[in-house]
Amino acid sequence: MGSPIRVLVYDSTPSGAESIGRRLEGADDEIAAQAATSPRAVTTGPVDCLVCAHDSESHDAIELIEELRSQPGCRAIPAIVFPKSESTTLLRRALSANVADCVVQTNDDSCYEALADSVREVTATSRSVDHPGRVGGSNGSSLSPMDAIDLRRLAESNLVGTVLIQNLGFEYVNDHVAELFGYDRTTFLEELSVTDLVYEPDKPHLVEYLQRREWNLAEESLHTFRGVREDGTILQVELRSDRIDARGSPQLLGLLSDVTPRKRREKELKRYRSIVNTAGDIVYALDSDGKFTFVNDRGLGLTGYDRGEIIGSHVSKLLDEQAVEKGETHIRELLNTEGQTQSNKTYEIALRTADGETVPCEANITILTHNGEFSGTVGVVRDISKQQALEAARRAERDQFAALFENITDPAVQYEMRDGKPHVIAVNPSFEAVFGYSQAEIEGESLDDAILPDSADNAQILNEHVDAGNQIEVEVTRMAKDGPRIFRLSTAQIVSTATPKRGYAIYSDVTEQKRRQDELERQNQQLEEFASVVSHDLRQPLGIAMGKLSILNETYDSAHIDDIEDALDRMESLIQNVLTLARQGRIVDTPTPTSVKRVVTGAWEMVESKRASLNIDPPLGSIDADQQRLQELLENLFRNAIEHAGPTVTVTVGSLSGGGFYVADDGPGIPPDERDRVFDRGFTTTADGTGLGLVIVKTIVDAHGWEITVTESETGGVRFEITDPSPFR
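The structure presented is a predicted model; accordingly, all values stated were derived computationally and were not measured.

A.B. asks: Could you clarify how one ought to interpret the pairing of strand β2 (residues 31-36) in this entry?
C.D. replies: Across six bridges, the pairing between strand β1 (residues 5-10) and β2 is parallel. Across the sheet, residue Val9 finds its bridge partner in β2, namely Ala35. The parallel pair β1 and β2 is bridged by helix α1 (residues 14-27), and the resulting crossover is right-handed.

So this is what it looks like as structure tokens:
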């Protein structure tokens, strides 16, 4: 047996170093281990190899190795790192520090057998690191630079991709790189160059970086590029490089890592940050002390602060004391919730801006924990000032509608359709008064069952229209508390797509209106029959008499014939007036807006008024009327003025301040005691008058639903005032 391999074992504690040394000796009886906790221990005797335990929290092996190698005569001693766990960062540092190998500790003794094998190999090939040879010559006689610097075993561990590059060619690649790009190692060394593995747009930048590093012109050691695998897929690669000298020629030692997942996460994070910053709501984060660690652009815009003024400041900068306490209470509730069934809270706050204004907001907070400990909160804050204004407007609208519903004079009911029938939700006081049901009695009941008479046969059809979302307006008979009455039923649906459908029904009582309408229709029918009798039964004998008189007039010359002719003409006039009276008495059921001035002018042209004068006092405006009958009314008033006030009378037409118009003359007027009789049939103050002219006027007034009164004009004559219940325009 030869001389033992002398190994100096370093750890942070003597017991740790002794334990590693003892178990290393147990794995190989040719190894003699010495425990140490300080680099000064190397001076106690010759050493063939260093084994340095590594613990990221308490003991840094790389720093110890670098401190050891700074001592005289210790630079060439090969070193092996013995960490408790794998670490890419540690491996990179080990490569940079020319560490010979890295063996990871395990829970069993297998790691000590691997450590013993590594010790035997690095001590068997130990040689100077000052003049490394070229890697893998074609005849195999040249020593690899990886062997020369005691790093081949470290590269072959495949914890990270390792390459040697010279003039853009590969001098060495490990299996990690080969697997990363999908080629075998032989293909790398014999067929590929660096640019063959790079995405086309990234090639110029990578080539420039490698050349500058190889020529020692660039200080940055890290470069990221897009690589291309053998199957054409793209990956993100991170390259760290150091220049080394192999037999006087510069080469690059590179460590490659696939950072595609990390770049993808960074891209997603960037996208999320963009989304958060452009969000319409405030997004923020607080630490466990309630200080801002993040706020998006919307938060800055709404509050009026700069980011530097917000980040690091307490949340009380934007909230009053009460809001801060409310938030702390919600956080405690979330932390005390067993099983975390509730992870967030929503509540309203008032946000205080930089200019002192307050903005009503809705805050949603979520707690953050780390290792079971509370670490802060994240949240979203929404400006609800517009929402609150809209809600206030809606409340006001609902209140107004409720007041309208309660105070409308017609019976009204709010209903919802169930099983094809309207069921009562609410009724107004008018409904209670007319139908005799209180809100409590009829709420939830079928409306048809309460007010539908037995004889109703169209209720089902109406219900189908309402259930289909149609608005109806129809005349119906319903049972009021005093018996059946006729109503004008109008419905309005609240939301046509809602289920069940809801709406309002208004019952306008038209019973009296229908009775009056029926009575007027009966009267109109009677007038039509009367007109027919007058036209046929009176005009026929009158026509015979006029014919006979014409024969007598040709045969005889007598003053009596003239008297007979005057009498027959008077009879013709009476018949014509009676016909006019009958026809003008029919109700005007479809009046149209009519210009009073135009009708006045037309009526005056129809009257024999060569010496009389017409004076129009503007403006006259318009009135809802039957234009033909209105003109007939005015013609009769004009004739009445000429007949009673003389052929030179002046007639004035003007509007009334309260609505309507007047017709006045400058004649002798009508005595007050006779004014109530002027509209009586047969009343006249002239010998040849029929007494029907003003009766026709009164009939036309009544047919329109107007009123007429007689008074004295400004000049002492007569003045007729006609008023309309609707506003005069």
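A.B. asks: Looking at this model, I keep getting lost on the environment of Thr366. Mind explaining?
C.D. replies: By the element assignment, Thr366 lies in strand β14 (residues 358-370). Separated by 32 residues in the primary sequence, Thr366 and Leu334 place their C-alpha atoms 8.4 Å from one another. Setting aside chain neighbours within four positions, we find Thr366 in contact with Ser343, Asn344, Gly376, Thr377 and Val378.

A.B. asks: So what exactly am I meant to see when it comes to the sheet that holds strand β27 (residues 718-723) here?
C.D. replies: Taken together, five strands build an open sheet; the order of strands is β22-β24-β25-β27-β26 and the sheet is mixed. On the outer flanks of this sheet lie β22 (613-617) and β26 (707-712), each paired with one strand and no other. Going across the sheet, the axis of each strand differs from the next one's by a mean of 15°, ignoring polarity. Pairing between strand β24 (residues 650-655) and strand β25 (residues 661-665): five bridges, direction antiparallel. The partner of Val651 across the bridge, within β25, is Asp665. The strands touched by helix α22 (residues 627-645) are β22, β24, β25 and β27; relative to β25, the strand with the most contacts, the crossing angle is about 20°. In the packing of helix α23 (residues 693-704) onto the sheet, the strands contacted are β26 and β27, and the crossing angle to β26 comes to about 135°.

A.B. asks: In this structure, what is going on with helix α2 (residues 61-69)? I would like to understand it.
C.D. replies: An α-helical turn contains 3.6 residues, so a residue and the one three or four places further along point in the same direction. Among the residues of α2, those classed as buried are Ala61, Ile62, Leu64, Ile65, Leu68 and Arg69. Buried residues in α2, looked at end-on, bunch into an arc of 160°, giving them a common side. Packing partners of the buried residues in α2 comprise β1, β3 (49-54), β4 (79-83) and α3 (88-96).

A.B. asks: Looking at this model, I keep getting lost on the packing of aromatic side chains. Mind explaining?
C.D. replies: Aromatic ring pairs are reported here in terms of the distance separating the ring centres and the angle at which the planes meet. One pass over the structure, following the stated rule, counts 13 aromatic pairs. The interplanar angle of 75° and the centroid separation of 6.2 Å between the aromatic rings of Tyr284 and Phe292 together place this pair among those described as edge-to-face. Among the residues examined, Tyr284 registers a relative accessible area of 9% and is labelled buried. For Phe292, a relative accessible area of 6% puts it in the buried group. Every member of this aromatic cluster is reached through a ring pair, and the members are Phe170, Phe181, Tyr183 and Phe188. The ring of Tyr662 carries Arg719 above its face, with NZ or CZ at 3.9 Å from the centroid.

A.B. asks: Help me understand the pattern of salt bridges in this model?
C.D. replies: Side-chain pairing between opposite charges can occur once the charged atoms of the two side chains come close. Overall, the coordinates contain 31 salt bridges when judged by the stated rule. In this structure, Lys421 and Asp449 form a salt bridge, with 4.0 Å as the shortest nitrogen-oxygen distance. With Lys421 in strand β17 (residues 421-427) and Asp449 in helix α17 (residues 447-451), the pair connects residues that are 28 residues apart, well separated along the chain. Note on Asp449: relative accessible area 60%, which makes it exposed. Between Asp702 and Lys698 there is a salt bridge whose closest N-O contact spans 3.0 Å. Of this pair, Asp702 and Lys698 both sit in helix α23, separated by four residues, roughly a single helical turn. What makes Asp702 partly exposed here is its relative accessible area of 40%. The class for Lys698 is partly exposed, based on a relative accessible area of 27%.

Calculation criteria
Residues numbered from 1 in each chain as written. Predicted model: local features only at pLDDT ≥ 70, side-chain atom pairs only at ≥ 80, totals over all residues. Heavy atoms only, no water. Pairing = 2+ DSSP bridges. Helix = DSSP H or I, 4+ residues; strand = E, 2+ residues; numbered from the N terminus. Right-handed = clockwise from strand over helix to strand, strands pointing away. Contact = heavy atoms within 4.5 Å. Axes fitted to C-alpha atoms, helices over the stretch in contact; angles between N-to-C directions. Buried < 20%, exposed > 50% of the residue type's maximum accessible area, 1.4 Å probe, protein only. Arc of directions from axis to C-beta. Phe/Tyr/Trp six-rings, centres within 6.5 Å; stacked < 30°, edge-to-face > 60°. Lys NZ or Arg CZ within 6 Å of the ring centre and 35° of its normal. Salt bridge = Lys/Arg side-chain N within 4 Å of Asp/Glu carboxyl O.

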